[in-house]
Amino acid sequence: MTYRLFEILSETGNHADVVWADPSSSDRNDTHLAYAIETTETQSLARLNQADFIAVSAQTLYEHFPELQGCSYLLFATHPLRELSDSAKYLTYYTFTNDCSQPISSSGASAKEVHKMIAFLENQVIQGVVSPSSEMIDQAKLSGQDISKWLESAFSIGGNDFLDDDSNYFVPIPVALVAIIGENPEIKESRVDTVKEEFTNLASQWVHDVEGMSSTVEMVKHSAYQKIISMGKVVVPFLLEDLRQNPLYWLPALRQITQQNPVQPEQRGKVKQMAEAWLNWGKQEGYIV
Amino acid sequence: MGRAIHLELRYPNLPLTEYTVTSPKSQEYNCFAWAAGDQERWWQPTPEDEFFWIEGVPMEETLLAYIKAYQTLGYELCNDETLEIGYEKIALYVNDEGIPVHAARQLTSGMWTSKLGALEDIEHELEGLTGERYGNVGQVLRRSNQATI
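Because the structure is a prediction, the values reported are computed rather than measured.

This part is about the sheet that holds strand β2 (residues 73-78) of chain A. Residue and element names in this part refer to chain A. Overall, mixed pairing links the 4 strands, which are arranged β1-β4-β2-β3 in an open sheet. Each edge of the open sheet is held by one strand with a lone partner, namely β1 (53-57) and β3 (91-96). Ignoring which end each strand starts from, the neighbouring axes of this sheet average 25° apart. As judged from the 6 bridges shared by β2 and strand β4 (residues 173-181), these two strands associate in the antiparallel manner. Across the sheet, the residue bridging to Y73 is A179, located in β4. Packed onto the sheet, helix α6 (residues 134-154) meets β1, β2, β3 and β4 and runs at close to 45° relative to β2.

And the structure:
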């Protein structure tokens, strides 16, 4: 199930004028905002209907953005009129701690930071590493209420020239909320169980189909094996675990996933020794406790 | 050790011919190693997978590369799969593309011995393993049984 930003933020029910900043919407109560939308050729605002709520792992986020340690949410927002200026931040994000009544800084992230963050998030979405649990959704809705109140209170379109530094123009239109999920043991365990189940199913199918083949090249070509490889490093602990029972099966997969080669020249073809080399590598790399 | 239904399901010609299982399963060697008398290594001419291949022989999955590999052990091309006194033979099975997918070694009885991937060894007739999985015999090799590995 995909939760939209509107679902997260709409619990308070009093900010529809902001969230539904869509030219096709008939629910626009704020005439100033409607004017802005209709007069700035920002038809791309229609994309707001597709704004999403997503979650990312805190551990992974902090590895890439150590300066965001302690943040619990990122709110991406546009400031539509600002796109008329080259220097102003049209698209930015605001960071929140667990206290979502106001962002850590109301100045928002720079264009460079936004670019880096979007690239990171796209990669996370492609990998699909975190699926929000129902508890996470409930928590996000609670936080969304506070964020909505901030959006409402911060809304300002006063001043003579919105591009002036002294302008009171501040119209953050929310487009995406990112929940930063700590390494909750239950969530982590759930993820591990999912990966293990997928690996077990694919491995079972693969063994059934290729057992008796003499060429590892043919064995590796099988779609189930290729899917296991495409799971990436997250599956490495299970490959290593199974290697104890099946020393042959996962040698090519480990090589392809990790791009490592712990096998010594004199061990080539000696399957048990090759497996042992990989198990030792797994211990050194922390995959095996 | 007798016959095995799980093998007959994979190799439909087996139950139509004479065969018997002669070893438990093993992932330590494959048919290409077994044909050469090697029970300690998995032979595979793919450089990226770190399996064993004879030094100096092209690491490529072609019939020529496999022939060259066995030639280093004294084998030569042969067109006759029947038992010849004074010779031991290897049969290379190839798929539709002519790529070797299996090897069997002839025993002094005239029967053949094969390692079936990571499964068991069997004694069998050459025709017992032809079919979808191992294709057909594409080349027979022979060497004097006085030669040593």
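And the narrative resumes.
We now examine the packing of aromatic side chains. Throughout the structure, instances matching the rule amount to 23 aromatic pairs over all chains. A ring pair is formed by Y249 of chain A and W250 of chain A, whose centres lie 6.1 Å apart and whose planes are at 80°; its orientation type is edge-to-face. Judged by its relative accessible area of 8%, Y249 of chain A falls in the buried class. Owing to a relative accessible area of 0%, W250 of chain A belongs among the buried residues under this scheme. Judged by centre distance (5.1 Å) and plane angle (70°), the ring pair of W53 of chain B and Y66 of chain B falls under edge-to-face. One end of the pair, W53 of chain B, is in the loop between α2 (31-35) and α3 (63-71); the other, Y66 of chain B, is in helix α3, with 13 residues separating them in the sequence. No difference in accessibility class separates W53 of chain B from Y66 of chain B, as the two residues are buried. Taken together, F32, W43, F52, W53, Y66, Y70 and Y75 of chain B form an aromatic cluster joined through their ring pairs.

All right, on to the pairing of β1 of chain A then. Residues and elements named next belong to chain A. Within β1, 4 of the 5 residues are buried, which leaves the element mostly enclosed by the surrounding structure. Where β1 lies against β4, 5 bridges are found, and the strand directions are parallel. Note on β4: the bridge partner recorded for V56 is I180.

About the criteria used
- Residues numbered from 1 in each chain as written.
- Chains lettered and ligands numbered in written order.
- Predicted model: local features only at pLDDT ≥ 70, side-chain atom pairs only at ≥ 80, totals over all residues.
- Heavy atoms only, no water.
- Pairing = 2+ DSSP bridges.
- Helix = DSSP H or I, 4+ residues; strand = E, 2+ residues; numbered from the N terminus.
- Axes fitted to C-alpha atoms, helices over the stretch in contact; angles between N-to-C directions.
- Contact = heavy atoms within 4.5 Å.
- Phe/Tyr/Trp six-rings, centres within 6.5 Å; stacked < 30°, edge-to-face > 60°.
- Buried < 20%, exposed > 50% of the residue type's maximum accessible area, 1.4 Å probe, protein only.

Note that all results are geometric; they support no functional claim without further evidence.
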